[in-house]
There are 2 protein chains.
Amino acid sequence: MASFTVTPWEVKGKVDYEKLIKEFGTIPLSDELIDKLSKHAGGKHMFLRRKLFFSHRDFDNILKWYESGKEFALYTGRGPSGETHLGHLVPWIFTRYLQETFNAELYFQLTDDEKYMYSPKLSLEETKNYAYENMLDIIALGFDPKKTFIFLDTEYSKTLYNIAIQVAKKTTFSTVKAVFGFTNETNTGMIFFPAMQTAPCFLPTVLKGKEIPTLIPAAIDQDPYWRGIAREVARKLNYPKPAQIHCMFLPGLAEGGKMSASQPDSAIFTTDSPETVTRKVSRAFTGGAPSVEEQKKNGGNPDICPIHKYYYYLFEEDDKAVEELYYNCKKGKLMCKDCKAELAVRINKFLAKHQKEREKAKKKIKDFLLRD
Amino acid sequence: MASFTVTPWEVKGKVDYEKLIKEFGTIPLSDELIDKLSKHAGGKHMFLRRKLFFSHRDFDNILKWYESGKEFALYTGRGPSGETHLGHLVPWIFTRYLQETFNAELYFQLTDDEKYMYSPKLSLEETKNYAYENMLDIIALGFDPKKTFIFLDTEYSKTLYNIAIQVAKKTTFSTVKAVFGFTNETNTGMIFFPAMQTAPCFLPTVLKGKEIPTLIPAAIDQDPYWRGIAREVARKLNYPKPAQIHCMFLPGLAEGGKMSASQPDSAIFTTDSPETVTRKVSRAFTGGAPSVEEQKKNGGNPDICPIHKYYYYLFEEDDKAVEELYYNCKKGKLMCKDCKAELAVRINKFLAKHQKEREKAKKKIKDFLLRD
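Let me sum up the structure you'll find in this document. Keep in mind the model is a prediction, meaning the values are calculated, not measured.

1. Describing the overall build of chain A
1) Next: Looking only at helices and strands, chain A has 17 helices and 9 strands in total.
2) Next: Its C-alpha atoms give chain A a radius of gyration of 21 Å, near enough to 21 Å, the size a compact globule of 372 residues would have.
3) Next: The buried share of chain A, taken over its 372 residues, is 59%.
4) Next: Considering only contacts in chain A between residues 6 or more positions apart, those separated by 24 or more positions represent 78%.

What follows is the structure, encoded as structure tokens:
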């Protein structure tokens, strides 16, 4: 862990995902499992073809459960500490694909309590406001309003607290210390919080009064909650163990690291104007050579280039076309300036549609919101 | 602290209240303050004459606040881990006296979450049931339904959690470790719980949107919450500091120690039948001599006798009469058998009325219950 750090509150350095699979003890997403999922979906999602989703726990068992005619629910979340950027959308887009494929209910947690308690700077009003802003981006992605339940921890705390105390009763300080690296100076709200994030794993079972396991699509940094707390506690409380399917982080526009709201120029926010997007993309780090001449001669390096990764993960669906982009860069046929200009156009096209849906979402909140 | 222990979860040994005042750093309740309170009340309550309430924090300031024409609220509570016994009623009876005197609102917390998380044996259903049973005893004491708000933590957790996270953000594990003796093996629910018990200190201010300090009448074992958490956090969050007025424990019927539900034969429960009361009292430890002859000759020792203490604290209002009991015992004029028989009569008289009111209380719950 010398060169990179992945915790629920910090992702730093160049992440070695193979190492992470070993360290966290998750299972690589096999081609067989991907094919099985794709068959249900009637098509292989780009995020699966490009291995953006790469790891899981018990996803095979969830498929078996589903294939035996039984219901499961989806659960994912967002820590509302700022505006939504493209990186946040990755697991949500995939979650919608899972919802469509399995006609599954989705429980979407906005942890405004966590972000308030974690940050010395943020007030509860601020994290609540971010939660409502983030919610617009979630709704804009087209989730089924009949099957999607979005909640803020502070507004659904009666239901959540009643499950969380069951979890917390079975979770010692030793455990959260080992799992999250908490210290004696950690505040007691953050110490309790893993129980609040675990509660929705069991929420469908509690609400429906019958066993409904959850599948959690989320970035790999959230795994400690499920590995260290939820799965252990499920066994002790006789709740179904939650399954997970993990994605990588979308890189930021700067060199290395994930797209992060704490470095605004490294991130494309969903509310960015076309001019802002064009400016941010044009200033982004690339795998290009120091001069156009050199690049024409020796080619660029798409392997370290966030611009190329954006095409690869989000903005070039066609497998052949993305391969072409890759080799044209390597061969010095594609210059960074043109590559960036085209990406900005595609991002802006995506955002124009998203922003329209986001505006409409303001009137749809009541169809999705779950409150006590 | 070698000979006795007083924490919110354990009271053991013969409590030295003077030592406790020094250790906890509370202020002895002065005659001057007692007179001031009694003047407002139009009479000096037996619990004050007998010094059952003996210590405070900022009670003088609450009186000043009240005398300047401003409103304060009362806050007390109960951990529903079993049935109500006479010992529990002491602070509640005094709380009603304070409510009548100051026409103050009362917030009454039933910590069913705490008792569930603390006890490996108790289920949440059990602590909730105890909470509703205990509630009947509270209502039976005659609190003003317009000014009294009783709530279970699990049923009022939306409101409480939103205040508790403010408290918890300002409370580290180091602090609760030092204040409550928590260890690494303490569960994360208990670690968070002090924030839940602190929340009602600030509840009137939050609900009314203006500064309303709370006065907490409670047994001295609860002091760590206010000393260690609430008062510190109030300063940091700019909430009014809660004031306290502390009572001693009613002794149990066994030798030494407080009346405790965990030793059923040492406690008179509010639902005990006349036969049970008579039996328990007749078998109680006393300060009597080994034989009637010896007692007639050398007298008894009322200073160590729980039977005498029951007269003193609860069942002989008349100061002269209680003094007579004391000296008649010392002089060998009063035999344990007669003393016990008379006490049983008085307890049963009290309980007959209480049980009638308790029965009526079943229909009044809705007038008192606060839920999200």
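2. A closer look at the sheet that holds strand E8 (residues 214–219) of chain A
Residues and elements named next belong to chain A.
1) Next: Here we have 7 strands laid out as an open sheet, ordered E3-E4-E9-E8-E5-E6-E7, and mixed in their pairing. Because the sheet does not close on itself, it has two edges, and the strands there are strand E3 (27–28) and strand E7 (148–152).
2) Next: Bridge count between E3 and strand E4 (residues 53–57): 2 bridges; the pairing is antiparallel. Paired with Ile27 across the two strands is His56, which belongs to E4.

3. What about the interface of chain B and chain A?
1) Next: Between chain B and chain A, the contact holds 36 residues from the first and 36 residues from the second.
2) Next: Of the roughly 3,100 Å² buried where chain B meets chain A, counting both sides, 56% is carbon and sulfur surface.
3) Next: Among the residues of chain B in contact with chain A, Tyr161(B), Lys169(B) and Thr188(B) are the three that bury the most area, contributing 24% of the side total.
4) Next: Run the count over chain B and chain A and you get 0 salt bridges.
5) Next: Taken together, the links from chain B to chain A amount to 22 residue pairs in polar contact (both at pLDDT 80 or more).
6) Next: Listing elements by their share of the side of chain B that touches chain A, those giving two or more residues are helix H6 (112–118), helix H7 (124–140), helix H8 (157–169), helix H9 (173–180) and helix H10 (188–208) of chain B.

4. Re the sheet that holds strand E9 (residues 243–247) of chain B
Residue and element names in this part refer to chain B.
1) Next: The strand order across the open sheet formed by 7 strands is E3-E4-E9-E8-E5-E6-E7, and the pairing between neighbours is mixed. Of all strands in the sheet, those bounded by a partner on one side alone are strand E3 (27–28) and strand E7 (148–152).
2) Next: Strand direction decides the pairing type here: strand E4 (residues 53–57) and E9, joined by 4 bridges, are antiparallel. Across the sheet, the residue bridging to Phe53 is Cys247, located in E9.
3) Next: Docked against the sheet, H10 engages strand E5 (73–78), strand E6 (105–110), E7 and strand E8 (214–219), running at close to 150 degrees with respect to E6.

5. Examining the relation of the copies chain B and chain A
1) Next: Each copy of the sequence occupies a distinct position, and chain B is placed on chain A by a rotation of 180 degrees and an axial shift of 0.0 Å, giving an RMSD of 0.0 Å. Taken together, the rotation and translation describe the operation of a two-fold axis. For chain B, the smallest separation between a C-alpha atom and the rotation axis is recorded for Lys158(B), amounting to 2.2 Å.
2) Next: Comparing contact sets, 100% of the residues at the interface of chain B also lie at the interface in chain A, consistent with an isologous, same-surface contact.

6. Notes on the state of the cysteines
Residues and elements named next belong to chain A.
1) Next: As enumerated under the stated definition, the model contains 0 disulfides over all chains in all.
2) Next: Summary of cysteine pairing: Cys305 is not part of a disulfide, and the nearest cysteine sulfur, belonging to Cys336, is at 6.0 Å.
3) Next: Relative accessible area serves as the criterion here: at 7%, Cys305 is assigned to the buried category.
4) Next: With no disulfide partner, Cys339 has as its closest neighbouring cysteine sulfur the one in Cys305, 6.3 Å distant.
5) Next: Classification of Cys339 by relative accessible area gives buried; the value is 12%.

7. Concerning the nonpolar core
1) Next: Counting 83 residues, the largest nonpolar core has Tyr161(A), Phe192(A), Phe202(A), Tyr161(B), Phe192(B) and Phe202(B) as its most contacted members.
2) Next: Setting aside chain neighbours within four positions, we find Phe202(A) in contact with Ile163(A), Val167(A), Ala230(A), Val233(A), Ala234(A), Tyr239(A), Pro240(A) and Pro242(A).

8. Regarding helix H14 (residues 306–315) of chain B
1) Next: Of all 10 residues in H14(B), 8 are buried, a share of seventy percent or more.
2) Next: Here the buried face of H14(B) lies against helix H3 (46–49), helix H5 (86–102), helix H12 (274–282), helix H15 (319–330) and helix H16 (336–361) of chain B.

9. Focus: the pattern of salt bridges
1) Next: All chains considered together, the criterion is met by 47 salt bridges over all chains.
2) Next: Among the ionic pairs, Lys280(A) bridges to Asp272(A), the shortest N-O distance being 2.7 Å.
3) Next: Taking the relative accessible area as the measure of exposure, Lys280(A) reaches 6% and is therefore buried.
4) Next: Take Asp272(A): its relative accessible area is 9%, and that puts it in the buried class.
5) Next: The closest approach of N and O atoms between Arg346(B) and Glu316(B), which form a salt bridge, is 2.5 Å. Of the two residues, Arg346(B) sits in helix H16 while Glu316(B) sits in the loop between H14 and H15, which places them 30 residues apart along the sequence.
6) Next: The exposure class of Arg346(B) is partly exposed, given its relative accessible area of 25%.
7) Next: Overlapping salt bridges, with partners in common, bring together Arg49(A), Arg50(A), Glu317(A) and Asp319(A) in one network.

10. Things to note about helix H4 (residues 59–67) of chain B
Residues and elements named next belong to chain B.
1) Next: If you check which residues of H4 are buried, you get Phe59, Ile62, Leu63 and Trp65. Considered in projection along H4, the buried side chains sweep an arc of 160 degrees and stay on one side of the axis.
2) Next: Buried residues along H4 sit against helix H2 (31–41), E4, H5, E8 and E9.
3) Next: Taken from the residues just after H4, Gly69 is the one with a positive phi, measuring 90 degrees.

11. Notes on the packing of H2(B) against H5(B)
Residues and elements named next belong to chain B.
1) Next: H5 packs onto H2 with a crossing angle of 65 degrees between their chain directions and a minimal axis gap of 8 Å. Counted together, Leu37, Ser38, His40 and Ala41 of H2 and Phe94, Tyr97, Leu98, Thr101 and Phe102 of H5 form the full contact between these two elements.
2) Next: Looking at side-chain class alone, the contact of H2 with H5 contains 6 nonpolar, 3 polar and no charged residues.

12. Notes on a negative patch on the surface
All names here are of chain B.
1) Next: Together, Glu317, Asp318, Glu323 and Glu324 make up a negatively charged patch on the protein surface.
2) Next: Among the structural elements, Glu323 can be located in helix H15.
3) Next: Glu323 gets classed as partly exposed once you look at its relative accessible area, which sits at 47%.

Cut-offs applied
Residues numbered from 1 in each chain as written. Chains lettered and ligands numbered in written order. Predicted model: local features only at pLDDT ≥ 70, side-chain atom pairs only at ≥ 80, totals over all residues. Heavy atoms only, no water. Helix = DSSP H or I, 4+ residues; strand = E, 2+ residues; numbered from the N terminus. Rg over C-alpha atoms; globule rule 2.2 N^0.38 Å. Buried < 20%, exposed > 50% of the residue type's maximum accessible area, 1.4 Å probe, protein only. Contact = heavy atoms within 4.5 Å. Pairing = 2+ DSSP bridges. Buried area = accessible area lost by both parts, 1.4 Å probe. Salt bridge = Lys/Arg side-chain N within 4 Å of Asp/Glu carboxyl O. Polar contact = N/O pair within 3.5 Å; in protein donor to acceptor, adjacent residues only side chain to side chain. Axes fitted to C-alpha atoms, helices over the stretch in contact; angles between N-to-C directions. Least-squares fit on C-alpha atoms with pLDDT ≥ 70 in both. Disulfide = S-S within 2.5 Å. Core = buried A, V, L, I, M, F, W, Y, C linked by side-chain atoms within 4.5 Å. Arc of directions from axis to C-beta. Nonpolar A, V, L, I, M, F, W, Y, C, P; charged D, E, K, R; others polar. Patch = residues over 30% accessible without salt bridge, like charges linked within 9 Å, V, L, I, M, F, W, Y side chains within 5 Å. Areas by Shrake-Rupley, 256 points an atom, 1.4 Å probe, with all protein chains shown as cover. Lys, Arg positive; Asp, Glu negative; His and termini not counted. Charge placed at Lys NZ, Arg CZ, Asp CG, Glu CD.

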